Amino acid sequence: MHVGVRWAIVGVGLAVALAPQPLSAQDTTVVDSLPRRKAGHFHLGLTVHDYGVSFGNAARVSGIRLNVQDAELERVNGINVTLWKPQDPMSGVVNGIQAGVLPGSESVNGVALGVAGVVTERRQRWLSVGGLGVVSNRSMEGVAVSGLGTVANRDIAGLAVAGLGTVANRGEVAGVALGGLATVANGRFSGVGVGGLAVVTNGALRGVGVGGLATVANGSIAGAGIGGLAVVTDGRLTGLGIGGLAVVADQELRGLAIAGYSVDSHRIAGLSVSPYNHVRGPQYGLAIGVYNSTDELHGVQIGLINRAKNNRAPFKILPILNLHL
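The rules we used
- Residues numbered from 1 in each chain as written.
- Predicted model: local features only at pLDDT ≥ 70, side-chain atom pairs only at ≥ 80, totals over all residues.
- Heavy atoms only, no water.
- Helix = DSSP H or I, 4+ residues; strand = E, 2+ residues; numbered from the N terminus.
- Buried < 20%, exposed > 50% of the residue type's maximum accessible area, 1.4 Å probe, protein only.
- Contact = heavy atoms within 4.5 Å.
- Areas by Shrake-Rupley, 256 points an atom, 1.4 Å probe, with all protein chains shown as cover.
- Salt bridge = Lys/Arg side-chain N within 4 Å of Asp/Glu carboxyl O.
- Core = buried A, V, L, I, M, F, W, Y, C linked by side-chain atoms within 4.5 Å.
- Phe/Tyr/Trp six-rings, centres within 6.5 Å; stacked < 30°, edge-to-face > 60°.
- Polar contact = N/O pair within 3.5 Å; in protein donor to acceptor, adjacent residues only side chain to side chain.

(A) Focus on the overall build of the chain. A count of helical and extended segments in the chain gives two helices and 28 strands. Each of the 325 residues in the chain was classed as buried or not, and the buried ones make up 37%. Considering only contacts in the chain between residues 6 or more positions apart, those separated by 24 or more positions represent 2%. Working note: accessible area of the chain is about 16100 Å², and carbon and sulfur atoms make up 68% of it.

(B) Spatial organisation of the pattern of salt bridges. Using the criterion set out here, one finds 10 salt bridges in the structure. Across the salt bridge formed by Asp-70 and Arg-65, the nearest N and O atoms sit 2.7 Å from each other. Arg-65 shares its class with Asp-70; the two are buried.

(C) Structural context of the nonpolar core. Ile-156, Val-173, Leu-237, Val-247, Leu-253 and Val-263 are the most contacted members of the largest nonpolar core, which totals 24 residues. For this core, the leading source of residues is strand β23 (residues 252-259), giving three residues. If we skip the residues at most four places from it in the chain, Leu-237 touches Ile-221, Val-231, Val-247, Ala-249, Glu-252, Leu-253 and Arg-254. Counting six residues, the second largest nonpolar core, distinct from the first, contains Val-76, Val-94, Val-108 and Val-118.

(D) Main features of the environment of Leu-271. Here Leu-271 is to be found in strand β25 (residues 268-273). For Leu-271, a relative accessible area of 28% puts it in the partly exposed group. Counting along the chain gives 14 residues from Leu-271 to Gly-285, while the straight-line C-alpha distance between them is 6.0 Å. If we skip the residues at most four places from it in the chain, Leu-271 touches Gly-255, Leu-256, Ala-257, Leu-286 and Ile-288.

(E) A look at the environment of Leu-113. Within the fold, Leu-113 resides in strand β6 (residues 104-114). On the basis of relative accessibility, which here comes to 37%, the residue Leu-113 falls in the partly exposed class. For Leu-113 and Ile-97, which are 16 residues apart along the polypeptide, the C-alpha to C-alpha distance reads 7.9 Å. Beyond its immediate sequence surroundings of up to four residues, Leu-113 is in contact with Gln-98, Ala-99, Gly-100, Pro-103, Val-118 and Val-129.

(F) Structural context of the packing of aromatic side chains. Applying the stated rule across the entire model yields two aromatic pairs. Centre to centre, the rings of Tyr-261 and Tyr-276 are 6.4 Å apart; their planes meet at 65 degrees, and the pair counts as edge-to-face. Of this pair, Tyr-261 sits in the loop between β23 and β24 (262-265) while Tyr-276 sits in strand β26 (residues 276-288), and the two are 15 residues apart along the sequence. For Tyr-276, a relative accessible area of 24% corresponds to the partly exposed category. On the numbers, 5.5 Å between centres and 10 degrees between planes, the contact of Tyr-276 with Tyr-291 is stacked. Taken as a pair, Tyr-276 in strand β26 and Tyr-291 in strand β27 (residues 291-308) lie far apart in primary sequence, 15 residues in all.

(G) Just the environment of Thr-215, in detail. Following the sequence through the fold, Thr-215 ends up in strand β18 (residues 214-217). Its relative accessible area of 0% is what places Thr-215 among the buried residues. Each C-alpha atom of the pair Thr-215 and Ala-182 lies 9.9 Å from the other, and the pair is 33 residues apart in sequence. From its side chain, Thr-215 meets the backbone oxygen of Gly-209 in a polar contact 3.3 Å long. Among the polar contacts made by the side chain of Thr-215, one reaches the main-chain amide nitrogen of Gly-211 at a distance of 3.2 Å.

(H) The side chain of Thr-120, seen in detail. Looking at the secondary structure, you find Thr-120 in strand β7 (residues 117-130). Those residues within four positions of Thr-120 in sequence are excluded, and the remaining contacts are Met-90, Ser-105, Glu-106, Val-108, Val-135, Ser-136 and Asn-137.

So this is what it looks like as C-alpha cells:
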C-alpha cells in the first residue's frame with residue numbers, strides 16, 4: 001500500500017478514537033448530581049457554620065451580614081445591612097435588625113430601618129421606620145412610622161403613622177392609625193383613626209374616627225365619629241357623632257349627634273342637636289334645632305318649627321315644642 005494512503009488511514013483512526021463520545025444515562029446522572037452554586041451568592045465570610053460576620057451576598061448568616069444588594073436571601077438571625085433595594089423577587093426572613101437605604105425581604109421580625117423606605121413581601125413585625133414609606137405586600141404588626149405613606153396590602157395591627165396617609169388595602173386596621181392627610185381601611189377599622197383630611201373605611205368602624213374634613217364608614221360606626229365637615233355612614237351610628245355641617249346615618253342613629261347644619265337618619269334614638277333634624281322614620285328621644293321633622297315622633301321636639309307627621313291636626317306642626325308620648 002502506498003505510504004501516503006497508509007498514514008491517512010492512521011490519521012482517521014486516531015481522530016475517531018480521540019473524538020468526544022456522547023454521555024451514557026449513568027454519566028448524565030453523575031454530572032447532574034454535582035452541587036450547583038446559586039447565582040449571586042458571592043461573599044467573604046468570617047463565619048463558622050454560618051455564625052459570625054459576612055461581607056457580601058451570603059444566603060444564611062447568624063450574626064452580622066453586610067451587603068450592597070440582596071438576592072436570593074434565605075435567613076438572617078442578627079443584623080442585616082444592605083445599601084439598596086433587593087433584586088426581585090424579594091426573599092428571606094430577617095430575625096433581628098434590617099437596615100439600609102431601601103432594604104427589603106420576605107419578612108422581618110424585629111426592627112426595620114430604611115433611609116428611603118422599608119419593604120416586605122409578606123409580613124413586618126415589631127418596629128418599622130422609613131424616611132419616605134413603609135410598605136408590606138401583606139400584613140403589618142407592631143409600630144410603623146413613615147414620612148409619606150404607611151401601606152399594607154392586607155392588615156395593619158398596632159400603631160401606624162404616616163406624614164401623608166396610612167392605608168390598609170384589603171384588610172382590617174386594628175389599633176391606632178394616624179395619617180397627615182388620610183387614614184384608609186378597605187376593610188374594618190377597630191381602634192383609633194385620625195386623618196388630617198379624612199378617615200375612610202369600607203367596612204365597620206369600631207372605636208374613634210377623627211377626620212379634619214370627614215369621617216366616612218361604608219359600614220356601621222360604633223363609638224365616636226368626628227368630622228370637620230361631616231360624619232357619614234351607610235349603616236348605623238351607635239355612640240357619638242359630631243360634624244361641622246352634617247351627621248348622616250343611613251339606617252339608624254343611636255346616641256348623641258351634633259351638627260352645624262343637619263342631622264339625618266332613617267331612625268334616631270337618643271339626642272340630636274342641629275339646626276335641621278331630619279328623621280325619615282321614627283324618632284325616639286329629644287331633638288333640638290330650628291326645624292325638626294320626623295315621620296313618627298316618640299319623644300320631644302324643641303325648635304322654631306316642629307313637625308311630627310304621626311300627630312293629629314292641629315298638632316302635626318307646632319312652634320317651640322312638639323311631643324308624642
